[in-house]
Every structure is written in structure tokens, then in C-alpha cells.
Amino acid sequence: MLHQNLNTNEKGNLTICGYDTVDLAKEYGTPAYIMDEDLIRENCRIYKNALEKNFGKGSIPLYASKAFSCKRIYEIAKEEGIGCDVVSGGELYTVYKSGFDMEKVFFHGNNKTENDIEFAFDCKLGYFVVDNNEELEEINTRAQKRGITQKILLRITPGIDPHTHKAVVTGNVDSKFGSAIETGQATEIVKKALNSSNIELCGLHCHIGSQIFECDPFTDAAEIMIRFIKKLKDTLGYETKILNLGGGMGVRYIEEDPVISYEENIDKIAEKIISYAKANEIALPTILMEPGRSLVAASGLTLYTVGSVKEIPGFKKYVSIDGGMPDNPRYALYQSIYTCMIANKATEKADYVCTVAGRCCESGDLIAENTKLQSPKKGDTLAVLCTGAYNYSMASNYNKIPRPPVVMVSKNRKYVAVARETYEDLMRNDL
Ligand SMILES: *Cc1c(COP(=O)(O)O)cnc(C)c1O
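Keep in mind the model is a prediction, meaning the values are calculated, not measured. (Residues numbered from 1 in each chain as written. Predicted model: local features only at pLDDT ≥ 70, side-chain atom pairs only at ≥ 80, totals over all residues. Heavy atoms only, no water.)

Draft legend 1. Just the state of the cysteines, in detail. Within the structure shown, the criterion is met by zero disulfides. Cys 44 supplies the cysteine sulfur nearest to Cys 84, a cysteine that is in no disulfide, at a spacing of 11 Å. Classification of Cys 84 as buried rests on a relative accessible area of 0%. Not part of a disulfide, Cys 202 finds its nearest cysteine sulfur in Cys 206, a span of 17 Å. Given a relative accessible area of 8%, Cys 202 falls into the buried group. (Disulfide = S-S within 2.5 Å. Buried < 20%, exposed > 50% of the residue type's maximum accessible area, 1.4 Å probe, protein only.)

Draft legend 2. Broad picture of helix 5 (residues 114-122). Every buried residue of helix 5 is listed here: Asp 116, Ile 117, Ala 120 and Phe 121. Looking down the long axis of helix 5, one finds its buried residues gathered within 135° of arc, a one-sided arrangement. Check the buried side of helix 5 and you find it contacts helix 4 (89-97), strand 7 (105-107), strand 8 (127-130), helix 6 (133-146) and strand 9 (150-157). Just downstream of helix 5, Lys 124 is the residue with a positive phi angle, here 60°. (Helix = DSSP H or I, 4+ residues; strand = E, 2+ residues; numbered from the N terminus. Arc of directions from axis to C-beta. Contact = heavy atoms within 4.5 Å.)

Draft legend 3. Structural context of the sheet that holds strand 1 (residues 6-8). Spatially, the three strands line up as an open sheet ordered 1-2-3, and their pairing is antiparallel. Of all the strands in the sheet, just strand 1 and strand 3 (19-20) have a single pairing partner and so form its edges. Two strands pair when backbone bridges link them, and strand 1 and strand 2 (residues 14-16) are joined in this way by three bridges, in the antiparallel orientation. Counted as the bridge partner of Leu 6 is Ile 16 from strand 2. (Pairing = 2+ DSSP bridges.)

This is the structure we're talking about:
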């Protein structure tokens, strides 16, 4: 199976964390997101222990909560002793309401609004990750008005293209995020932050991309950042206390994707970082990482019910499900590949090549093409695996379709973490 928490039982049904997915579909209805709380917690611990082991206390993972944001996940992150990052006022509101330690919350985004900034002050946000000059000025002015000093990191663009596995010096300089080292803008914004009366510059941040299975892109980025830190020390006398390396470690969506160990990867990355810091004669900063999908993606799957099975002679076969782009827009957006299976025939041979289509009035509403299923029939339960990240959080109400519930399962209990939306919910704001 794709992940260790998935299996099949004596009925030939797919199980997650020991629960029969066909039973879950009956109990909670379809479509439904199922998430394995135990696996989420295990992943949190792997990151937390690996960072602490290599870099000492204070080096923690920050859960990049755009991957999956709701009250419950912040409670879990809090219980696991990790921090988190948010990218909007709405995520900030949710984490605040969940009772999170706001000192461990980092606020990202390339265009925080004035309301976002004021609201963050109200919540006593720990850190802004400041993207640009205008934002720096805005935060400083508003902090001054409140008579407070605000802690920040600066988002820096190291110029790494993670998918060429190399530092391509200009490759990623052209980005809507952050200030590039290459162009000199990074040094300028550091100077500006150091000269801002109500800003405490605590360190630097970079995020090079997503779905990265190798270590090299991370160590390349870290090397560039450490050289930059050295330069700041030599030229400005500024000592960087925190280096946040962002998120992006890969997740296994299909059998062809590699199996990686987050612990081993962190160990390898740490070894290089420690040696770069030595070579550059700088004190090792507190290292933070921001895993999003690698904490939650594998824990999730989505259950649907098969409606029609349409074979167009000489063309394709379409299997229609009772969800689609409103609950998982990732195939429609960027052809993300997922593993699909008929949950009630999980031990049978998957040799029915077909397109899995959603129910929206949109021909692009597909979940998979050329995927292999176990001879699908109306009424079957179809599972799409590894949907714990960027599914619920990217869901919409297109075609006035209510969002599915999020059901959490763990060894000792199962419960609804987010209720299924109702038709009334869909009209709540209609005046
Ligand atoms: C999206 C994002 C992450 C998480 O990325 P994953 O690929 O989900 O791990 C972390 N940091 C920042 C700044 C991001 O934008």
C-alpha cells in the first residue's frame, strides 16, 4: 500500500488506521475526507525530534497550515509542541481561536493587508515573515502607534530552482515572494529592518518550493543563506538568530514516487548546515522548518460513491463520482496525480483504465485520467489516497456543492472534526 496506515481487511475492503473505509463511507456519507490523527502526530514528532536532536531546543517545525486549516489541526499541532505558520487573516483567526500559543505563530504572505496587520497585533502574533519594503514600513508605523516592538523574519529569495537540483543563480529571483540576494535587495531590506524603530529583526526565511524528495535543494539554499548571514555579520555586524528554511519535502502520491524518511533527510541537511556554519565562522542559528503537506497529506483520503460508469466506444471510459473539483481542485488546477481505488474491491486486480470525473458542469472537472480501477460499478466506494493536504483547504462551493466533512480516525476513537456543510450554510450570507 501507498502508506503504512493503509491496508485491506478480510472483506477485501480498504482500511485506514484499522477502520474499514466502506463502513466509514456508510456512517459519514460521501464525499468525506478521512484523516488519520495518529499519522499526523507521528509526522509532527518525526520533525520535532529530528530538528531538536540536530539543532537543539528551540529548533521546531512550524506546521504550514495552508495545507489543511481547521480548529482541530491547530489543537493537534499545539499538543505536539510544534509551531505553525499562517498566510491570511482567516488562518490567523482560526489558529488564534484554537487557543494556540501565538508566540509560536509566523504570519506569511506577499501582500498582508492593513486589517491583517492590525488583527495580528490584536492576537499578539509572534512573528511576521515580512515580504517587502512597503510591508516593513506599514508594520513599523503601526507598531509605533501602538507603542510595541514587533518581531519579524525577512523573506529572502536564495535563487534556487528545486527541480533542477541546483543553485541556478537567477532561476528563482523572478518571484512574487521575498527579496533576492542576487539583486542586492535582500541586503537593503535587512538594513531597513535594522533601522526601523519598532521592529526587532530576529532572522531570515526562505522557501524554495514544494514536493521535493532530495536533500540537495535544501542544502544548496541553506549554503546560500549561510553565506548571506556571514556577509551580514561582516558588513553590518548583524547576527542572525533564526534561519527558517521553509517547507517543501515531498509526499508519496503514487506508487512511482520515492519513499523518503523525513528524519534521515533532516539529519543529512543538518550535517551540511552545521559544517557551513563552521566554515563561515558564524554561530549556528536556531533552525526552523515549515512542513505542510509532509505532515498531513498521507494521513488523508477522500471517499466517494460511484454514480455512472460510461464507456464511449472507441473513446474513453468515464467513472463519475459524487464529488470532484469542489473538494479536490488539484487535478483541474495543475494535473496533480492521485492514486484512486475501489475501496470495496481493494484486493481485486486494478485493470479498468478510465477517467474519474467529478459532478460539476465543467468538462475539466476530473480527478484522474488513465487511472486503473478495480472494475467499477454504480454504488461502489471510490477512495482517492493522500488527500490530507491542499484538498479541504482548497475546497470551494462551486455549483453550490456543500463541502464534505473531515472525519478524524485514530487507534482509540473516530470523530467528526469539521461537519459537512448544509444547504443552509450555503445561503448563510445571502441577504
Ligand atoms: C506552502 C508553503 C509551505 C509548505 O509547503 P509544503 O510543500 O506543503 O511543505 C511552507 N512555507 C511557505 C512559506 C509556504 O508558502
